[in-house]
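The lines below spell out each chain.
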Amino acid sequence: MYDLDSGTMSDVFEGYERHYCELSVNLSNKCTPTTIVDGEQRKQRNAEIKAALDEADDLIRKMDLEARSLQPRVKTMLLPKVREYKTDLNNLKSQVKRITTPEISHSAREELLGSGEADTLTASNDQRGRLLMTTERINQSSDRIKASRRTVLETEELGVTILQDLHQQRQSLLHASNNLHAVDENITNSKKVLVAMTRRMSRNKWIMGSIIGVLVLAILLILYLKISH
């Protein structure tokens, strides 16, 4: 269960609503004058109507529970719908009771059949209005579901693109890190070479100084010996 935005109901509630509207239309059709029958057919129709009313009651209870479990802003929008459906179901129950009660079924039948074209037209208009309302709600629900699916697909594609970009950036960072390690290693090796060269140069200076000192002493000794003789 999830809410796509403040103006969108849950898919569960939409399913209950769609099913209830279909039941409501069927019950309304069974309560019209042209569907009043006698005998076994009436018993079978009454049983079907009772089962449909029980199912409609159950659907409204489920819609009420579902609406109350949603976020406050969505619940505030859906609870009035539930109350409207309760009122609609109570009206249907009144019509059904008038038709199916044995004590008054014959008088109700005569009254309904004697109401003429005006009542038939009114019932037809009511049914047409109910059908149009149901169709409109189903279309709106389908449009919302399609829009939701498009949003989910777009979000999924965006998420995949972001993950790919992050992976590429990670690879670039790892490559840069490897390069830095290589440069650091080269610098370390260069420092070692420079230190070794500095030490070698210092040693060579001492050797040269020693040689020069020995030569100077030798020259001085030779000069002294010459002067002495």
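Residues numbered from 1 in each chain as written. Predicted model: local features only at pLDDT ≥ 70, side-chain atom pairs only at ≥ 80, totals over all residues. Heavy atoms only, no water.

The next subject is the pattern of salt bridges. Per the counting criterion, the structure on display carries 6 salt bridges. K81 is the salt-bridge partner of E17, the closest N and O atoms lying 3.7 Å from each other. Linking E17 in helix α1 (residues 11-30) with K81 in helix α3 (residues 72-100), this pair joins segments that are 64 residues apart in sequence. For D57, the salt bridge goes to K93, with nearest N and O atoms at 3.0 Å. Here D57, found in helix α2 (residues 39-68), pairs with K93, found in helix α3; they are 36 residues apart in sequence, far enough to count as distant. Connected through shared salt-bridge partners, D58, R61 and K62 make up one network. (Salt bridge = Lys/Arg side-chain N within 4 Å of Asp/Glu carboxyl O. Helix = DSSP H or I, 4+ residues; strand = E, 2+ residues; numbered from the N terminus.)

What follows concerns the packing of aromatic side chains. What the rule picks out here adds up to 1 aromatic pair. Summarising the aromatic geometry, the rings of Y20 and Y85 are spaced 5.1 Å apart at their centres and angled 55° between planes, so their arrangement reads as tilted. With a gap of 65 residues between them, Y20 in helix α1 and Y85 in helix α3 connect regions that are remote in the sequence. Like Y20, the residue Y85 is buried in the burial classification. (Phe/Tyr/Trp six-rings, centres within 6.5 Å; stacked < 30°, edge-to-face > 60°. Buried < 20%, exposed > 50% of the residue type's maximum accessible area, 1.4 Å probe, protein only.)

Grouped together as the largest cluster of nonpolar side chains are 23 residues, with contacts concentrated most on Y20, I60 and M63. Those elements that provide at least two residues to this core are α1, α2 and α3. Setting aside residues up to four positions removed in sequence, Y20 forms contacts with A56, L59, I60, M63, Y85, D88, L89 and L92. (Core = buried A, V, L, I, M, F, W, Y, C linked by side-chain atoms within 4.5 Å. Contact = heavy atoms within 4.5 Å.)

Attention now goes to a nonpolar patch on the surface. On the surface, I207, M208, I211, I212, L215, V216, L217, I219, L220, L223 and I227 cluster together into a nonpolar patch covering about 1100 Å² of accessible area. Look at L217 and you get exposed, because its relative accessible area is 59%. (Patch = residues over 30% accessible without salt bridge, like charges linked within 9 Å, V, L, I, M, F, W, Y side chains within 5 Å. Areas by Shrake-Rupley, 256 points an atom, 1.4 Å probe, with all protein chains shown as cover.)

Per-residue pLDDT for the protein chain averages 77, and the proportion of residues at 70 or more is 75%. By mean pLDDT, helix α4 (residues 102-113) is the weakest element of the protein chain at 50, and α2 is the strongest at 87. When the criterion is pLDDT under 50, residues 1-8 qualifies, and its contacts beyond four places in sequence or with other chains add up to 23 contacts. Below pLDDT 50 for its whole length, residues 112-118 participates in 5 contacts with residues either more than four positions away or in separate chains. (pLDDT = per-residue confidence, 0-100.)

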